[in-house]
Every structure is written in C-alpha cells, then in structure tokens.
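The residues making up each chain are set out below.
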Amino acid sequence: MTPVTCMRGKRLALFGLGGSGLATARALVAGGAVPICWDDAPASLEEARREGFTVEDLRESDWRQFAALVLAPGVPLTHPKPHWTVELAKAAAVEVIGDIELFGRERRSIAPGSPFIAVTGTNGKSTTTALIAHILREARCDVQMGGNIGTPILALELPAPNRFHVIECSSFQIDLAPSLAPSIGVLLNITPDHLDRHGTMENYSAIKERLVDAADIAVVGIDDAKCVAVFDRLRRRMGHESPMPVGRLVHEGLMSGLVGFAYADAQILEIHGGGTDPKSAARSVASLANIPSLRGEHNAQNAAAAFAVVCCAAFKAGISLSNSAIAASIKTFPGLPHRMEEVGRSGSVIFINDSKATNADSTEKALLSFESGIFWILGGKSKEGGIEPLRPLLGRVEKAYLIGAASEEFAATLSSGKIAHESCGTLELALSHAARDAAASGAEEPVVLLSPACASYDQFKNFEERGDRFRDLVHALISQAQAAGRISPALRERTGGAAR
C-alpha cells in the first residue's frame, strides 16, 4: 500500500467504492486523512462499513469541510453530464481528483526522483505496460505494476528511489490527474473511443496528450495523425530534449536527427537519425518472430515502445542493461489474457481469445495478424461506427459468426461485403459452428478468432468474463476432441494443457 501522507489531517469526499475506491480509502486512512465515503450501490456501501470507513450520503454533507473530491474513474466527470458529486464539488470550489493524482502527489512528497513510468493509448497500453514490467523484472529490478491494469495504484508499494512503478493510465484516470508528471510518459496511439465520456475527439486527444506533456522523457507512437501532431508539438517545445519516436519505417522522416525505434518485418529497429538516409542508420535489436504473445503489427508497436522505455529507464536509473538482454526478456513474455491470447489448438485449428477488442480499431489489429483463414466471432454492444472501418480487411475472413445485440447491424455490413456469416446469438453456438467450419475448411492453419469489436455488456459483465467463457469453451471442446481420439496427448501438451 502507498499511504497518502500528503493528505494527512484533511477530510476528503470519496465517491465510488469499487476495487480502486476501497484501495484509495485504505491508503487515505493509512496516511492520516479522513475519507467520507459514498456510492450509489448499497452493496458497496455495506463493504465500506464492514471495513470501518466513515459512510455518509454526500448529498447531505457540508462540502466546505472537504479538501478534495476523490472520484472513481468510472464515474462521469464531464460527459454525458457531470456526476452530481462533481456538481456539488464545483459549487463549493472543491477540486476533483483521482487515485493517480494522489499517487503523484505522494511521490513528489516522499520520493520525487523515483522511477514512474506511465503508459496510455487507445489500444495496446495493457500489453505495453505488462511487457515493460516483465523486462524490468527479468533484469531483477524492484517493479510495481498496476493502475488501469490489475492492482489499483494506491494498493502498490510506496514510491522509493530504486523502485519502478509501471502504471497503465486510461483517459478517465488522466482526466482526474491534473498534475500528472511521470519520469517516463508513453503515448502509443489515439483513435476514436470513449467519446460518450469525453464529448469530442479533440477533448479525448488533449487528455491523452497530458500524460506525456509534463513527463521527463516522452515516448510517442507516430503511426496515427493525432499522435504525430502531439509529437510535433512536444518536439518544438522540448528542442534538443526531443521526445523519442516509435513507428513504422514509413515514418522515418520524423526520426531524422533523432534516436528512435521502429518496427518492420517482425524486427525492432533502433534508429540513429541525422544522415540523408535514416534507413541506413537502423539496426535490428530484437526479433518478434515466433513469439505468439506478440503476434501482429500492433504488438510490434507495443514491443518497440517497451524496448524504448526500458532503454530510457535503465539509463536514467544508472542500470547496465544490454539490448540483447532486453531482447531475450521479450522472448519470454507470456502475454496477457484476452489480448490475442492463444488458448489452444485442435488439429490444425488455432483458437485466439481477443475479447479485449471492444472497438473496431482493436479488431483491425487482430484481423491484420492473419492473412486468411479467419473464422471470426464478433458482436455485442456496438460502438459508434460499428464494423464499417473493417471493410478493407473482410476479404481475410472465411466466415463470421454473430453474437449479441449488434448481430443485425453487423449482418448488414457483412452482407454488403459479400462475406459468409450466420447469426448465432450466443458465444457457445458461435464457437461450436466456427470450430466445425474451421476444421473442415482445408486451410493450412485456420484461426477461430474471438475479436468482438464490441463492448460486452449486453451478454457479459465485462470483456474478461466474455474471454474467460470463450477459453473455457475451447478447453472443453479440445477435451472432447481428445476423448473422441481426434487429437493426441502430444498435441494437448503443445496447447499448454488446454484440455483440463
């Protein structure tokens, strides 16, 4: 835990008592503050009472007593309209902050030079965060990983000079962290998402940019127009201390005169610009070939960014860490659940759990990872634009299997693209039919891909529950196939014991 001693003796309103909210309440109490807690869910209030926290309806509170409102990131700050606690806080001139902000203030108070790596981006931030933490752990560094991935930030060990905090930050969390200033800030990409919570693309982009704007070192992906604009602004402002670019070689012009990292043909390349031909200054520092956990070009961007960050972090901390050691650590990265996760094989059929793909941009990365032979399970609660942006990639799909509320909308898009599809309704039926068709397809290595391009809330609590269900169903299918003698125990071993 990180006790929030910088708030000692102060009373704070705290709304939202989920996992991060309760962790924040514990950290505030441990630091000597007095959080006054509330939530709209009776079960959450009861949990807070059981832990001994002060529970009070904030509608009836005197807001003049509060030093701040600490808001859970899932609670609307501005759109579609501010939460009622935000309105009360503004009326009383009380600042509205979140747990990332509290961590940042505590870090500045007790260990201002401690390594704090913050990662954001519309897509890839979880994988990049986990890969950075993995490489640093392999180098035997003291690493704390959390934030929007896994453990709430205030439940991690407190900042210390030789302790690396590797933190995933969502746009919701950045919006509640006005003084966010990591030692290394990472911005991977910006594409449309969460516009219902941020109002406009311009506002969403500006929030993402804030994570790198005040960072000591900025690592910026340059593969989309929004991030290129951020990179250019930082470069003009920072001068000789330019941000470090990460991108495809087609953006080599932006790397001229800079040290940067690129990716091409499953290689991570280190570039020292300055010559007339930046390609000639590029050298391979790692290969991603045959690393299933980093399949696809999007994961090449994630890995290149992680490589850049670790190089910067090691240099900044005075740690000797060679490129070959970083490359070796990347090869042992196990990947993350629900993100292009290979959950098993049956015969020649590969089953991929990409349940985290909750929008078309994420699913685009999955479809780009396979040239053909894709048996695609998709659907759920559709987001703005549906799967229209995926039209150029539909030729890679052998057949699509629709589930959930978006089935009719997506069927129309697939029909106009002349893509074979069927409405299955449930994940169970979709997997059964996709596995059957993939096995009979004659393709060399057909892929049954769960990459929904949708939120999960119509049928599942969250994308994790959806992905867990898919994994369980695949394991059951492989067990049944083995029992029927269709796959050998040796193949079962190669699937990581999937049939259990």
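Since this is a predicted model, take the numbers as computed values, not measurements. All residue numbers here refer to positions counted from 1 along the written sequence of the relevant chain. Whole-chain, interface and lining totals are the exception, using all residues; otherwise, since this is a predicted model, local features are given only for residues with pLDDT of at least 70 and side-chain atom pairs are given and counted only at 80 or more. Note that water and hydrogens are dropped before the side-chain values are worked out from all heavy atoms of the structure.

**Quick notes on the sheet that holds strand β15 (residues 341-346)**
So, point 1. Any two strands with at least two DSSP-identified bridges between them are counted as paired. In DSSP terms, a helix is any run of H or I states spanning at least four residues, a strand is any run of E spanning at least two, and both are numbered starting from the N terminus. Taken together, the 6 strands give an open sheet; going across it, the order is β15-β16-β21-β17-β19-β20, and neighbouring strands pair in mixed fashion. Both outer strands of the open sheet, β15 and β20 (421-425), are each paired with one neighbouring strand and no more. When strand polarity is set aside, the average angle formed by the axes of neighbouring strands in this sheet is 20°.
So, point 2. Relative to β20, strand β19 (residues 397-403) runs parallel, the two sharing 4 bridges. Residue Ile403 lies in a different strand from β20, and its bridge partner there is Gly425.
So, point 3. Any two residues having at least one pair of non-hydrogen atoms within 4.5 Å are treated as being in contact. Convention adopted: a line fitted to C-alpha atoms gives each axis, helices being fitted over their contacting stretch, and angles between N-to-C directions are expressed from 0 to 180 degrees. Contacting β17 (374-379), β19 and β21 (447-450), helix α13 (residues 360-368) runs over the sheet at an angle of about 170° to β17.

**Quick word on the environment of Met201**
So, point 1. Here Met201 is to be found in helix α8 (residues 201-213).
So, point 2. In this structure Met201 comes out as buried when scored by relative accessible area, which is 15%.
So, point 3. As for Met201 and Phe53, which are separated by 148 residues in sequence, their C-alpha atoms are 39 Å apart.
So, point 4. Residues in contact with Met201, not counting those within four places in the same chain, are Ile190, Thr191, Pro192, Leu195 and Lys226. Residue exposure (1.4 Å probe, protein chains only): buried if accessible area is under 20% of the type maximum, exposed if over 50%, otherwise partly exposed.

**Points about helix α12 (residues 323-331)**
So, point 1. For α12, the complete set of buried residues consists of Ile326, Ala327, Ser329 and Ile330. Taken down its axis, α12 places every buried residue within 160° of arc, on the same side. In α12, the exposed positions angled more than 90 degrees off the buried face are occupied by Ser324 and Lys331.
So, point 2. Here the buried face of α12 lies against α5 (125-138), β13 (267-272), β14 (282-287) and α11 (297-317). By arc we mean the arc of the directions from the helix axis to the C-beta atoms, nothing more.

**A closer look at the sheet that holds strand β11 (residues 244-248)**
So, point 1. Judged by pairing direction, the sheet is mixed, and its 9 strands sit side by side in the order β7-β8-β6-β9-β10-β11-β12-β13-β14 without closing on themselves. Here the strands that pair on one side only, and so sit at the sheet edges, are β7 (142-147) and β14. Going from strand to strand, the sheet's axes swing by 20° on average, the running direction of each strand aside.
So, point 2. Here strand β10 (residues 217-221) runs beside β11; their pairing, made up of 3 bridges, is parallel. Within β11, the position partnered with Val219 by the bridge is Met244.
So, point 3. Across the sheet, α8 lies against β6 (116-120), β9 (184-187) and β10, angled at about 150° from β9, the strand it touches most.

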